[in-house]
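# Observations on the three-dimensional arrangement
Here's the letter readout for the chains.
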There are 2 protein chains.
Amino acid sequence: MVALAALVIGYVLLKEVLAAGQGTAKMQDIAKAVQEGAAAYLKRQRNTLAIFGVIVFLLLFALPADDWNEKIGRSIFFLVGAAFSFAIGYLGMWLATQANLRVAAASREEGGREIAMRVAFRTGGVVGMITVGLGLFGAAVVVLVYTGQAPKVLEGFGFGAALIAMFMRVGGGIFTKAADVGADLVGKVEQGIPEDDPRNAATIADNVGDNVGDCAGMAADLFESYAVMLVAALILGSTAFGVHGLIFPLIVPAIGVITAVIGVYITKARAGEGGLVTINRSFYISAVISAVLSAIAAFVYLPNSFSDFGAGYENSGNPAVIATIAVIIGIVLAAIILKLTGYYTGTEYKPVKDVAQTSETGGATVILSGISVGFESAVYTALVIAAAVFGAYLLGGGVALFAVALAGTGLLTTVGVIVAMDTFGPVSDNAQGIAEMSGDVDEKAAQILTELDAVGNTTKAITKGIAIATAVLAATALFGSYSDAITKTLSGMGTGVVTGMDAAKSFVNQVVSPNTLVGVIIGAAVVFMFSGLAVNAVSRAAGAVVYEVRRQFRDIPGIMEGTTRPEYGKVVDIVTRDSLRELTTPGLLAVFAPIAVGFGLGTGALAGYLAGAIACGTLMAIFLANSGGAWDNAKKLVEDGNHGGKGSSAHEATIIGDTVGDPFKDTAGPAINPLIKVMNLVSVLIAPAVVQFSIGPDENTAVRIIISLVAVAIIVAAIVVSKRRGTVLSDTPAEIQA
Amino acid sequence: MVALAALVIGYVLLKEVLAAGQGTAKMQDIAKAVQEGAAAYLKRQRNTLAIFGVIVFLLLFALPADDWNEKIGRSIFFLVGAAFSFAIGYLGMWLATQANLRVAAASREEGGREIAMRVAFRTGGVVGMITVGLGLFGAAVVVLVYTGQAPKVLEGFGFGAALIAMFMRVGGGIFTKAADVGADLVGKVEQGIPEDDPRNAATIADNVGDNVGDCAGMAADLFESYAVMLVAALILGSTAFGVHGLIFPLIVPAIGVITAVIGVYITKARAGEGGLVTINRSFYISAVISAVLSAIAAFVYLPNSFSDFGAGYENSGNPAVIATIAVIIGIVLAAIILKLTGYYTGTEYKPVKDVAQTSETGGATVILSGISVGFESAVYTALVIAAAVFGAYLLGGGVALFAVALAGTGLLTTVGVIVAMDTFGPVSDNAQGIAEMSGDVDEKAAQILTELDAVGNTTKAITKGIAIATAVLAATALFGSYSDAITKTLSGMGTGVVTGMDAAKSFVNQVVSPNTLVGVIIGAAVVFMFSGLAVNAVSRAAGAVVYEVRRQFRDIPGIMEGTTRPEYGKVVDIVTRDSLRELTTPGLLAVFAPIAVGFGLGTGALAGYLAGAIACGTLMAIFLANSGGAWDNAKKLVEDGNHGGKGSSAHEATIIGDTVGDPFKDTAGPAINPLIKVMNLVSVLIAPAVVQFSIGPDENTAVRIIISLVAVAIIVAAIVVSKRRGTVLSDTPAEIQA
């Protein structure tokens, strides 16, 4: 019901956005080229991913489940989750390409700033509504249809969503940054022409990239965060409370839908205030409303005592109070991350000002100060997330993990507004691009768009912080499902009697077992590997762009004079081909690494692996996102006339920072969030099979080792193939260089 | 015995080194200034650390032990470990300052390359001998005097060594890079004068830094690695096999002494081969000898069956075979790390060539490609280390952890040669500095020194890789001691009877408990925090150097013309003061973070914390060391005339990379190794107290929470104080800027 309402509201907002003015013919021309490029990319990506989806669909049947009904449901809802994820990504991209133009057009009108902001933010509102609508809808259908068997089917749904989102994040991230870095290297650095100059053959590809990476990738990612969190909450809820536990986790996000609508509608820029202030206000108002409504729902819907749930829960306190506090923990967590990220990446605070200041002593100090900002912000954000997990855990008593999951749903109530905020970033970035390329906007309009762009940088960093927080909460909750999956399979196997002392010793020995520690190291290593692969992929694809743009400048006369149009389409094609090729290696790594560890080293090591990946992934993701955001905005500060302004040596230094930050914040960083979820869900899915082959009648070490070795072989092969494509820009094959 | 022999051989080598020629008067002048600066720094550092040492000495009495004999022994040997660590650091520094001059002088002679190499390498040999000599001596005395109570006393010995080494690494690391970066920023970047130009007031400080950081810090660090590994092996050996287990771990490193002597003496450069080839040959020869001798020792000394050790060991295979293989695993691990690091940071292989190549497209691509190289090498190195741990663990059966520790002692047999290799780096770097400043060497001699310097960069990276490998092996073994400490304290507490099923469930639930996961996240966060603090400290101290050097150029006439000598001493003073001030925050973090986690969240979370810190720390340490090494050598490649050579824009780009890499590879990266050990030992030391307050008759949550909060308060206070000193170069207080 609420899910459908969300979809309807999304439609209404959509109409509003599309009704806005579309600007000059030249602007429309450019926007059309961008739309076509983006659509072509997503179409090709769909075809690639479809093959992958079908393979996984079939592989899922090989994993144990209670009966065929469950197996079929799991595989089918895997496809549904995947399709939803892709559809939302596509929609996010399509909408953004429509909105870019309208924001650029709006900036030219009287009172343009307010209109531009409203259009940009409402566009995000549409995506937000549809994200929560489809997520809630999918999960609700599973719960209604499968009831008791819902958890296994939900695993499929969440896995589909996460897997596709990861691919879209990685592929889109490579696309957008390859085009961006490539365009900058030839344009700004070699030829000395400004950003978004129409003479640069890579500009259209750059704008296409913003749409397929920041919009399509981000929308799919946030949908996935939403779906997986919901899945985790539902699985744990059903384990803890049966059917009761399946309803409340759906009510909380439904409340979120309502407040998100309010949040999107109240976003109105007051005269004279910064864009970030406006957006933050909407966020806080909707957060408070969410908290109040959730508390009411908890007290109305949940019983006042756990004893209603039967034996074993007597000492766990008041469920309504626990649920309310857990949800509030989630909401407060979102607010703190918002503040922290805003502080570390906003142009008006000390960290970014410091980074800008270091530009006076050159590029090296810019890099060092940005890395420091990234490290520092990662530590504080991770500690806050850890505190939230621990708080919910302490609170929960007998239902600790469910409380963690509820904190996650609390965080989710803010997703509607968050998506709106995130879409704001690429839309304003693109609007600026269109405006600059068309040359049809005046000084004042350009100023408006630049300011919105800077706000967009911060909102993008904020959503990444919140996305990674959902990853940690969801992962912690899924950890619970993982443990459940193992104990369920273990049931009926153990019969021996050991003393409490032995149990305690065994626990301590196992937690500190070298085997588990090896798992933790491998988990952390996979995060480093994945980040390195993503950064490398960008360098390589950017190299291809550089050579193509150079070739066009050299071979096509008249480009530099502006009399001939460069062949924009060629660059789009190259980047499309490269980014689809590049996404396979990190993708395979994410899926097969947990398989290799689980079957090869056992469940203890796999648990360690997940813990290592979550811990290291959280820090790395925030580090990459925030250092990138800080560099980007430090550059904006210098461009605004500080420390010598555009063209100064300080500006050059910040451009180095920004270029380094590009693949950090838009390729590697954001992809870690779905990576963590994919690895978690793979672990949950394979856990019963691992246990089955490890202990009891089906014990078969040979099979386990073979599966593990096959997984390792797949990963190694993928890495070797990508290695052979070279490691750096200048390794680009001769036929492209020519 | 062998320990004393090692010390004697060290003395003989020392005589040889000191007998070498000392060059011109001007060179001696410069060397003298460097010696004085380094000695002054270490003296002030000694006074600072002495206070700290006394406090810890007293605090140790507060921690539980069996009786006063054990408590007193632990505290006293803490001081002994600390004193040895400092003494070796001091000696390393002193020797290096003697050797620098002699290497520089040797380069001027006929056949200079071979002589220079020999002097540089033998200097390292002295330090190596004394390192293993004192380490073995200290551990042997403890074992002989305390026998049954040795483990607790050894904890104190190891802790003292690790703590002081960490401080020397951090302090020395900040010193060397603050001076280096500061000198480069004003000299190379602002004034356009060459590196090591005598007109730059920071050059002497830069050379002093090489000695206090790379020599003193490194020597203390390697001594600590040696001592802690030995401590871990002895503790586990005594747990597993009683007195038998205390002897074999001492025999293996004793063998290492013999082979190291051989290794150092056979290092002779053949005509026409690269310096790295020569050094590698010595390494491999001594590694093979070590392996053979260890195998012989195992078969002679150890029984052929575990049944000799009594009940419980029947199924564990042949002890001699297991011990031999474990030791060989350690030696092979060292060899692989050597190869991997050489590949990723050597000028003759693809990665560094690639990084150099990217300099053609500017500083940003240099940074990105260097980061990729760092990530990649970190992943492979970490996986190799993990494989070694896992291999030893599988092998060990009932004595798995002891096998891991034996692998560690195998690794240790190579320490003598490793120290020699590492000292080679700063000595040749400094020799180059002295040569350049004095102007008394010709083209050919300069060429020799430059080549040696490049080899030194790689050997430095190699030792860092091996140091971190010892950290992981020692930490894994100490993990065992940690678990021992807990189970021992638990003994006599548990009485309940639970079923095997419950035990299995409890294990799974605990490994995947959110509490443990929170610990893992905090552990990983501390590594990021520590790295960030170290990098920041360098930026800040470098800022002070920049302002001072600028001031001298401005206020003292005649410096630029070379007619007046700049006030070198002032810069040395500033850096000394700053680096001693800056080392407190990371130091307090290392000691108090495990206390906060352990008392606040319990033993499970503390185990998670350690695992997170080890995993993330390993990857981060190797990433920082290798990316820094790759950048440094990429710069050398360009300076050798590739991609445009000195003064080209490519050169500028690699200078950016090198400057970023400086605090990575010489401050943050190497300090992570002792950091891990300090945190591990703190955990082992406090574990009994944590358990005591958590369960049983002494349970006292209030005390636990208070201790935890005090620890948190200390960390926060330290961070706030360092924050108030500003975060970046340009935040340097006005009185220094003036």
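Residues numbered from 1 in each chain as written. Chains lettered and ligands numbered in written order. Predicted model: local features only at pLDDT ≥ 70, side-chain atom pairs only at ≥ 80, totals over all residues. Heavy atoms only, no water.

### Here's the deal with the overall build of chain A
Condition: In DSSP terms, a helix is any run of H or I states spanning at least four residues, a strand is any run of E spanning at least two, and both are numbered starting from the N terminus. Three labels apply to residues, based on accessible area from a 1.4 Å probe with only protein chains included: buried if under 20% of the type maximum, exposed if over 50%, partly exposed otherwise in between. The contact definition used throughout considers only heavy atoms, calling two residues in contact when any of these lie within 4.5 Å. Residue exposure ignores everything except the shown protein chains as possible cover, and the areas themselves are Shrake-Rupley values with a 1.4 Å probe.
Looking only at helices and strands, one finds 22 helices and one strand in chain A. Of all 738 residues assigned to chain A, the portion counted as buried reaches 69%. Of all intrachain contacts in chain A linking residues separated by at least 6 positions in sequence, the fraction that spans at least 24 positions is 84%. By element, 63% of the accessible surface of chain A is carried by carbon and sulfur atoms, the whole surface being about 21700 Å².

### Remarks on unusual backbone geometry
Residue and element names in this part refer to chain A. With phi around 50°, histidine 643 is a residue other than glycine that occupies positive phi space. Relative to the helices and strands, histidine 643 resides in the loop between α19 (603-639) and α20 (649-694). Residue histidine 643 is classed as partly exposed on the basis of its relative accessible area of 27%.

### Considering the packing of helix α16 (residues 514-555) of chain B against helix α19 (residues 603-639) of chain B
Residues and elements named next belong to chain B. The condition is simple: Lines fitted to C-alpha atoms define the axes, with helix axes restricted to the stretch in contact, and inter-axis angles between N-to-C directions lie between 0 and 180 degrees. A clockwise turn of the near helix away from the far one marks a right-handed crossing, whereas an anticlockwise turn of less than a right angle marks a left-handed crossing. All amino acids are sorted into three groups, where Ala, Val, Leu, Ile, Met, Phe, Trp, Tyr, Cys and Pro are nonpolar, Asp, Glu, Lys and Arg are charged, and the leftover types, Gly among them, are polar.
α19 packs onto α16 with a crossing angle of 35° between their chain directions and a minimal axis gap of 6 Å. Relative to α19, α16 is oriented so that their crossing is right-handed. Residues Asn515, Thr516, Gly519, Val520, Ile522, Gly523, Ala524, Val526, Val527, Phe528 and Ser531 of α16 form the contact with α19, whose participating residues are Gly604, Ala605, Gly608, Tyr609, Gly612, Ala613, Cys616, Gly617, Met620 and Leu624. A class-by-class count of the residues in the contact of α16 with α19 yields twelve nonpolar, nine polar and no charged.

### Section: the pattern of salt bridges
To keep it simple, the criterion reads: By definition, a salt bridge exists where a carboxyl oxygen of Asp or Glu is found within 4 Å of a side-chain nitrogen of Lys or Arg.
Per the stated rule, a full pass over the model turns up 42 salt bridges over all chains. In this structure, aspartate 180 of chain A engages lysine 177 of chain A in a salt bridge whose closest nitrogen and oxygen atoms are separated by 3.0 Å. Of the two residues, aspartate 180 of chain A and lysine 177 of chain A are both situated in helix α5 (residues 150-191); the distance of three residues between them amounts to about one turn of the helix. Here aspartate 180 of chain A and lysine 177 of chain A have matching classes, each one buried. As a salt-bridge pair, lysine 635 of chain B and aspartate 658 of chain B come within 2.8 Å of each other at their nearest N and O atoms. Taken together, the residues span a long stretch of sequence, with lysine 635 of chain B in helix α19 and aspartate 658 of chain B in helix α20 (residues 649-694) at a distance of 23 residues. Taken individually, lysine 635 of chain B and aspartate 658 of chain B each receive the classification buried, so the pair is uniform in this respect.

### Things to note about the UniProt feature "site: Determinant of potassium independence" (unreviewed entry) in chain A
All names here are of chain A. Let me state the cut-off plainly: UniProt positions are given in the numbering used here, feature names are shortened, and annotations may be inferred rather than shown by experiment.
The UniProt entry lists Lys460 under the feature "site: Determinant of potassium independence" (unreviewed entry), expressed in the numbering used here. Position of lysine 460 among the secondary structure elements: in helix α14 (residues 443-490). Overall, lysine 460 belongs to the buried group, its relative accessible area being 6%. Aside from chain neighbours lying at most four places away, what touches lysine 460 is Asp214, Asp422, Gly425, Pro426 and Asp666.

### Looking at the confidence of the model for chain A
Residues and elements named next belong to chain A. Put simply, the test is: The pLDDT score gives, residue by residue, the confidence of the prediction method on a 0 to 100 scale.
Per-residue confidence for chain A averages 80 on the pLDDT scale, and 87% of its residues sit at or above 70. This stretch, residues 727-738, has a pLDDT under 50; its non-local contacts, to residues over four places away or in other chains, come to 34 contacts. Predicted complex metrics record ipTM = 0.87 and pTM = 0.89.

### A word on a nonpolar patch on the surface
Our working definition: Patches here are clusters of residues that have more than 30% relative accessible area and form no salt bridge, with a 9 Å joining cutoff for like charges and a 5 Å cutoff for nonpolar side chains (Val, Leu, Ile, Met, Phe, Trp, Tyr).
On the surface, Ile258, Ile262, Ile266 and Ile285 of chain A cluster together into a nonpolar patch covering about 280 Å² of accessible area. Among the secondary structure elements, isoleucine 285 of chain A is positioned in helix α8 (residues 275-301).

### Re helix α13 (residues 415-438) of chain A
Residues spaced three or four apart along an α-helix face the same direction, because each turn holds 3.6 residues. Residue and element names in this part refer to chain A. Keep this limit in mind: Every helix has an expected span of 1.5 Å times one less than the residues it contains.
An ideal rise of 1.5 Å per residue puts 34 Å on 24 residues; α13 measures up with 34 Å between its terminal C-alpha atoms. Most of α13 sits out of view: 23 of its 24 residues are buried. Immediately downstream of α13, the backbone of glycine 439 shows phi near 70°, a positive value.

### Re the side chain of glutamate 155 of chain B
Structurally, the position occupied by glutamate 155 of chain B is in helix α5 (residues 150-191). In contact with glutamate 155 of chain B, not counting residues within four places along its chain, are Val231, Ile235, Leu681, Val684 and Leu685 of chain B.

### Some points on the environment of glycine 363 of chain B
Residue placement: glycine 363 of chain B occurs in helix α11 (residues 363-396). Accessibility expressed as a relative area gives 7% for glycine 363 of chain B, which makes it buried. Glycine 363 of chain B sits 329 residues away from glutamine 692 of chain B along the chain, and the two C-alpha atoms are 55 Å apart. If near-sequence neighbours (up to four positions away) are discounted, glycine 363 of chain B is found in contact with Ile656 of chain A together with Ala653 and Ile656 of chain B.

### So, the packing of aromatic side chains
Residues and elements named next belong to chain A. In plain terms, the rule: Centres within 6.5 Å make a pair out of two Phe, Tyr or Trp rings, where for Trp the six-membered ring is used; the pair is then stacked when the planes are under 30 degrees apart, edge-to-face when over 60, and tilted otherwise.
Tallied over the entire structure, the rule returns 38 aromatic pairs over all chains. Measuring from centroid to centroid gives 4.9 Å for tyrosine 41 and phenylalanine 175, while their planes differ by 70°, and the two rings are edge-to-face. With tyrosine 41 in helix α2 (residues 25-61) and phenylalanine 175 in helix α5, the pair connects residues that are 134 residues apart, well separated along the chain. Take tyrosine 41 and phenylalanine 175: they sit in the same class, and that class is buried. Pairing phenylalanine 52 with phenylalanine 167 gives two aromatic rings, centres 4.9 Å apart and planes at 75°, and the pair type is edge-to-face.

### A closer look at helix α18 (residues 584-601) of chain B
Residues and elements named next belong to chain B. Definition in use: Here the bend at a residue means the angle between the axes of two seven-residue stretches, the one that ends at it and the one that starts at it.
Its 18 residues give α18 an end-to-end C-alpha distance of 25 Å, which sits within 8% of 26 Å, the value for a rise of 1.5 Å per residue. At phenylalanine 592, α18 shows its maximal bend, which comes to roughly 30°, and the proline proline 594 appears one to four places after that position. In terms of burial, α18 is largely enclosed, as 17 of its 18 residues are buried. Once α18 ends, the next one or two residues include glycine 602, with phi positive near 100°.

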